[in-house]
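# Commentary on secondary and tertiary structure
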Amino acid sequence: MTALDTSTAPAAAAAPGAPALVVTGLSIRFGGLTAVEDMTFEVNEGEVLSLIGPNGAGKTSAFNAITGYIQAASGSIVYRGAPLLGLKPNQIAAHGVVRTFQKTSVFNGLPVLDNVLVGLHLRARQHPLAIILGLPGVKRDEARLREAAWDILTLVGLDGRAHETAASLPYGELRLLEVAIALAAEPTLLLLDEPVSGMNPSETGAFMALLGRIRARGVTVLLVEHDMKMVMGVSDRVVCLNQGRIIADGPPAAIQRDPQVIRAYLGERYVRARG
Amino acid sequence: MSRAVTLASSLSWVAFLVTLPLWMNDLYFLHVLIITGIFIVAAMSLNLLLGYTGQLSLGHVAFFGIGAYVSSLVSLGFEIHVWGETTVSLEPKPVWLAMLVAVMFAGLCGFMIGKISFKVRGAYFVIVSVSFAEVTRLVALNWLELTQGPMALNNIPYLKLGIPGVGQIDFIGKLPNYYLVLGVAILTYVIIRRLVRSRAGRAMIALRENEPLATSVGIDVTRFLVLATVVSAGLAGLAGAVYAHYVRIVDPDVFLFIYTVTMVIMVVTGGKGTLAGPIVGGLIFGILPEVLRGFEVMPEIQWVVYGVLMILIVYFLPEGIVPALRDAWRRWAGRSGTPPARPTVVVEAQP
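Note that the structure is predicted; figures quoted are calculated from it, not measured.

### Focus: the overall build of chain A
Within chain A, the regular secondary structure consists of 11 helices and 10 strands. By the compact-globule yardstick of 19 Å for 275 residues, chain A fits well, its C-alpha radius of gyration being 20 Å. Expressed as lengths along the three principal axes of its C-alpha atoms, the size of chain A is roughly 70 × 40 × 40 Å. Counting across all 275 residues of chain A, residues that qualify as buried make up 41%.

### Some words on the overall build of chain B
Looking only at helices and strands, one finds 14 helices and 4 strands in chain B. The C-alpha radius of gyration computed for chain B amounts to 21 Å, which stays within 12% of the reference 20 Å derived for 351 residues, consistent with globular compactness. For chain B, buried positions account for 43% of its 351 residues. Sequence separation of at least 24 residues holds for 76% of the intrachain contacts in chain B that already meet a minimum separation of 6.

### Some remarks on the domain arrangement of chain A
Residues and elements named next belong to chain A. The assigned domain composition of chain A is domain 1 (14–96 + 187–275) and domain 2 (101–186). Each of domain 1 and domain 2 has a C-alpha centre, and these two points are 27 Å apart. On the side of domain 2, 13 residues touch domain 1, which itself brings 14 residues to the contact. At the level of elements, α2 (89–94), β7 (189–193) and α7 (201–216) are the ones that each hand at least two residues to the side of domain 1 that touches domain 2.

### Let's talk about the sheet that holds strand β6 (residues 97–99) of chain A
Residues and elements named next belong to chain A. Here 6 strands make up an open sheet; going across it, the order is β6-β7-β8-β3-β9-β10 and the pairing mixed. Since the sheet does not close on itself, it has two edges, and those belong to β6 and β10 (245–250), each with one partner. Shown here is a sheet whose adjacent strand axes are inclined to one another by a mean of 20 degrees, direction ignored. Where strand β3 (residues 48–52) meets strand β8 (residues 220–224), 4 bridges bridge the pair, whose relative direction is parallel.

### Some thoughts on the pairing of strand β3 (residues 159–163) of chain B
All names here are of chain B. Note that β3 and strand β4 (residues 167–171) share 5 bridges and pair antiparallel. The residue of β4 that forms the bridge with I163 is G167. Between β3 and β4, which follow one another and run antiparallel, lie 3 residues, and G165 among them has a positive phi close to 90 degrees.

### Notes on the interface of chain B and chain A
Of the residues lining the interface, 26 residues belong to chain B; the matching set on chain A comes to 35 residues. Contributions of two or more residues to the side of chain B that touches chain A are made by α7 (174–196), α8 (199–209) and α9 (211–216) of chain B. For the side of chain B that touches chain A, the leading source of residues is α8 of chain B, giving 7 residues. Here the residues of the side of chain B that touches chain A sort into 15 nonpolar, 5 polar and 6 charged.

### Considering unusual backbone geometry
Excluding glycine, residues mostly have negative phi values, and the peptide bonds linking residues are mostly trans. Of note, R80 of chain A is a non-glycine position whose phi angle comes to about 50 degrees, a positive value. Positionally, R80 of chain A belongs in the loop between β4 (74–79) and β5 (82–83). Of note in this structure, N155 of chain B is not a glycine but carries a positive phi near 50 degrees. Tracing the sequence through the fold places N155 of chain B in the loop between α6 (144–147) and β3. Residue N155 of chain B is classed as exposed on the basis of its 8 C-beta neighbours within 10 Å.

### Re the packing of helix α11 (residues 257–270) of chain B against helix α12 (residues 277–294) of chain B
Residues and elements named next belong to chain B. Relative to each other, α11 and α12 sit at 120 degrees, their axes nearing to 7 Å. By the angle between their axes, α11 is oblique relative to α12. Judged by the twist between their axes, the crossing of α11 over α12 is right-handed. Along its contact with α11, which presents T262, I265, M266, V267, T269 and G270, the element α12 presents G277, P278, I279, V280, G281, G282, I284 and F285. Class assignment for the residues of the contact of α11 with α12 results in 8 nonpolar, 6 polar and no charged.

### Digging into helix α3 (residues 112–119) of chain A
Of all 8 residues in α3 of chain A, 8 are buried, a share of seventy percent or more. For α3 of chain A, the complete set of buried residues consists of V112, L113, D114, N115, V116, L117, V118 and G119 of chain A. As for α3 of chain A, its buried residues are in contact with α5 (136–156) and α6 (171–184) of chain A together with α8 and α9 of chain B.

### Observations regarding the environment of Y69 of chain B
Residues and elements named next belong to chain B. Tracing the sequence through the fold places Y69 in helix α3 (residues 61–76). C-alpha of Y69 to C-alpha of G240: the two residues are 171 residues apart in sequence and 8.0 Å apart in space. Excluding residues within four positions of it along the chain, Y69 makes contact with A140, T147 and V250.

### Brief notes about helix α1 (residues 59–66) of chain A
All names here are of chain A. Among the 8 residues of α1, 7 are classified as buried, and the element is accordingly described as predominantly covered. Burial in α1 covers these residues: K59, S61, A62, F63, N64, A65 and I66. Within two residues after α1, G68 carries a phi angle of roughly 85 degrees, on the positive side.

### Considering the sheet that holds β5 of chain A
Residues and elements named next belong to chain A. Taken in spatial order, the 4 strands make up an open sheet running β2-β1-β4-β5, and their pairing is antiparallel. Every interior strand has two partners, whereas the edge strands, β2 (33–44) and β5, have only one. Sitting on the sheet, α1 is in contact with β1 (19–30), β2 and β4, with an inclination near 115 degrees to β1.

### Thoughts on the pairing of β2 of chain A
All names here are of chain A. Where β1 meets β2, 8 bridges bridge the pair, whose relative direction is antiparallel. From the neighbouring strand, L21 faces β2, where its bridge partner is V43. A loop of 2 residues connects β1 with β2, the two strands running antiparallel in sequence, and G31 in this loop sits at a positive phi of about 60 degrees.

### Here we look at the packing of α3 of chain B against helix α10 (residues 221–247) of chain B
All names here are of chain B. Put simply, α3 and α10 touch, their axes get as near as 6 Å, and they point 50 degrees apart. One element, α3, and the other, α10, form an angle in the oblique class. Handedness of the crossing formed by α3 with α10: right-handed. In this structure, α3 contributes F63, F64, G65, I66, G67, A68, S71 and S72 to the contact, and α10 contributes A233, A236, G237, L238, A239, G240, A241, Y243, A244 and H245.

About the thresholds
- Residues numbered from 1 in each chain as written.
- Chains lettered and ligands numbered in written order.
- Predicted model: local features only at pLDDT ≥ 70, side-chain atom pairs only at ≥ 80, totals over all residues.
- Helix = DSSP H or I, 4+ residues; strand = E, 2+ residues; numbered from the N terminus.
- Rg over C-alpha atoms; globule rule 2.2 N^0.38 Å.
- Buried ≥ 20, exposed ≤ 12 C-beta atoms within 10 Å, placed from the backbone.
- Contact = placed C-beta atoms within 7 Å.
- Domains from an automatic or database assignment.
- Pairing = 2+ DSSP bridges.
- Axes fitted to C-alpha atoms, helices over the stretch in contact; angles between N-to-C directions.
- Nonpolar A, V, L, I, M, F, W, Y, C, P; charged D, E, K, R; others polar.
- Parallel < 35°, antiparallel > 145°, perpendicular 65-115°, else oblique.
- Left-handed = near helix turned anticlockwise from the far one by under 90°.

Spelled out as C-alpha cells, the structure:
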C-alpha cells in the first residue's frame, strides 16, 4: 500500500481505484461474545461498497469500530495512510470519515438549516476570542457557512424545509437530513448505516438518486443495508458478513449467485435444492 | 422585519433602563435593581451551561463567591504565612485590576472544574459542582488569615475609573453602581449572544441535543464544554466582583447553596437556552419579594407567593416564559404569511 497524504484536506483526493480504507484483521468483542472476527477488506477511492449480512452479522459493530464509537480488540484500520484505531469519533471525522446512524439521529429541537450548520463545524474558521470580541471575520465566516448549508440542503432537496424544526419532518425527509448533516462535515468517505430502512419504494428511489449525486462529487461510500434492490442497484462491490466473518467479496452479480451467501441468508436446504 | 423589530425593542429596553433613575427617585428600589441586576448577570452565565450545553451546575455560586473574594483580597492586599516564616503578601491594587484578576481566577477555576468533571456527565457533574461550592465555602469560612472567616472582609474599596476627557468616576452609592451593573449586564448579554450564535455555541447546543451525532461530524465535546465553563465561570466571577465592590463587605455566606438555587429558578422560569430567559426570570424573582414587602404582607406569605408562582410557571410553561411568548408570537405572526424560501439576509428567529 502506498503511503498517502495524511492531511485532512479533502482536496487530497487520491486516484480512483486506489485503496482508501484498509481494514485488516479486525476483531471486536463484547465480553465473551465475538461480534467481528478477523475481518479484512478494502474500500477503494470513489467506489460504493456495500456491507451485507443477516442480523447480528457484525455490520454495525464494524461501522462503530471504524468511526471510533467502540474499541476494536485487535486489528488495524487505516484511512489514506492514517491509522484510525484509538482515535476519537471527532478526530476520525477530521480525517474525512463521517457516518450516519442506524436509528434516525438528528438535532430534533433545531431548525433544519441549523442542523446542517452544526454539521459544518469543521469547515468553520472562528476562534473563541474572535467570537467574543465580535470581530468582522466571524460574521463573514457565518455568512459563508450559511451559503454552504443552503447548497447542501439544495443537494438533498430539503431547501424548502430550511426553517422548520427537524422534529416536524416526515420520516423520509429526516433520513435525508441525516445525510445532509454528514455531508456538511465534508466527508471523503461516507458511511451510511441502513439509510433506507423503513422507506417506501419511491423514497428509496429518490435516495438512490441522491447517492448518485453524492458519488458524482467524488465521495467514497461504505453502505450497510438490508434492501437488496438498493444494494444491487448502487454498489460497485459487495462484502457479505456472517457471524462476524467475511464469507464473500465481489461484484453484486457474483454475490447474488454465491452459495455461501445464499446459505447464510436462506439456509443449507435452499442451496441443496438449487444445486 | 424581524431583525428591525428585535433591534428596536432591544434599544427601547436599554433606553428605558438608562433613564430609569432619572424619574425613579426611590433609592431603596434602585438598590433592589442593582442586586437583581447582579443576580441576572450570574443567571445569564449559568444559562450558558444549563441552557446551552445542558449541564446542570449546582455549584455555580462558587464562581460568584470566588469572584467576590478574589477581587476584594486583591484590592485590599493580604499577607499569609505559607510555611514557617515564609509569607506571601500582596500590596493593595487598584480595583479595576482586582476585578480583572477575579474574572481570570474564576475562569481558571471553571477551566479546572470543566476538565475534571466533564469526564463525568449528568448527575455526576451536579455532584462535583455542588461539592466544589461547598469546599470553597468551607475554605472561606476557615482560612481566617486570608479571608477573616465569619468576621468577613470589611472596608472593601469601591471602583474608581479614570476616563480620559471626563475625569474620574467613583462607583460609590446607588446611582453609579446602577449604571455599572447595567453596563456589565449588557456586556454579559452581548458576549453570550455572540457565543451562542457562532460555531462554538452551535457545538454546545449540538452536545445538548445529540452528543453522538455531534461527535460524528467532528465536534470535540470536551473542548466546547470546557469553553462554556470557563466563560460561564468568568462572567459569574465578574458578577461577584461587582457585588463585592458595591456592598463592600464579603462573608462566607456568598457561597450559600440558596443563591445557586435562586439562579437556577431564574433561568428555568425565564426559559433556559434563550438569551432573554434569565433576564425575564431574574426580573420577576428578583423584584417580586420586594414588591410583596411593599404590600406589607407577612414574610411567610411572601415566600408562599414566591413558591406558588414558581410552581405555576414551571407547571404551565415547562419551557419557560420566553419560549412560551415566542411560540405565541409565531402563531400570531404565522397567520399573516409564510417566510420566503431562501432570503438573501437570513432572518434569525430569536428574541
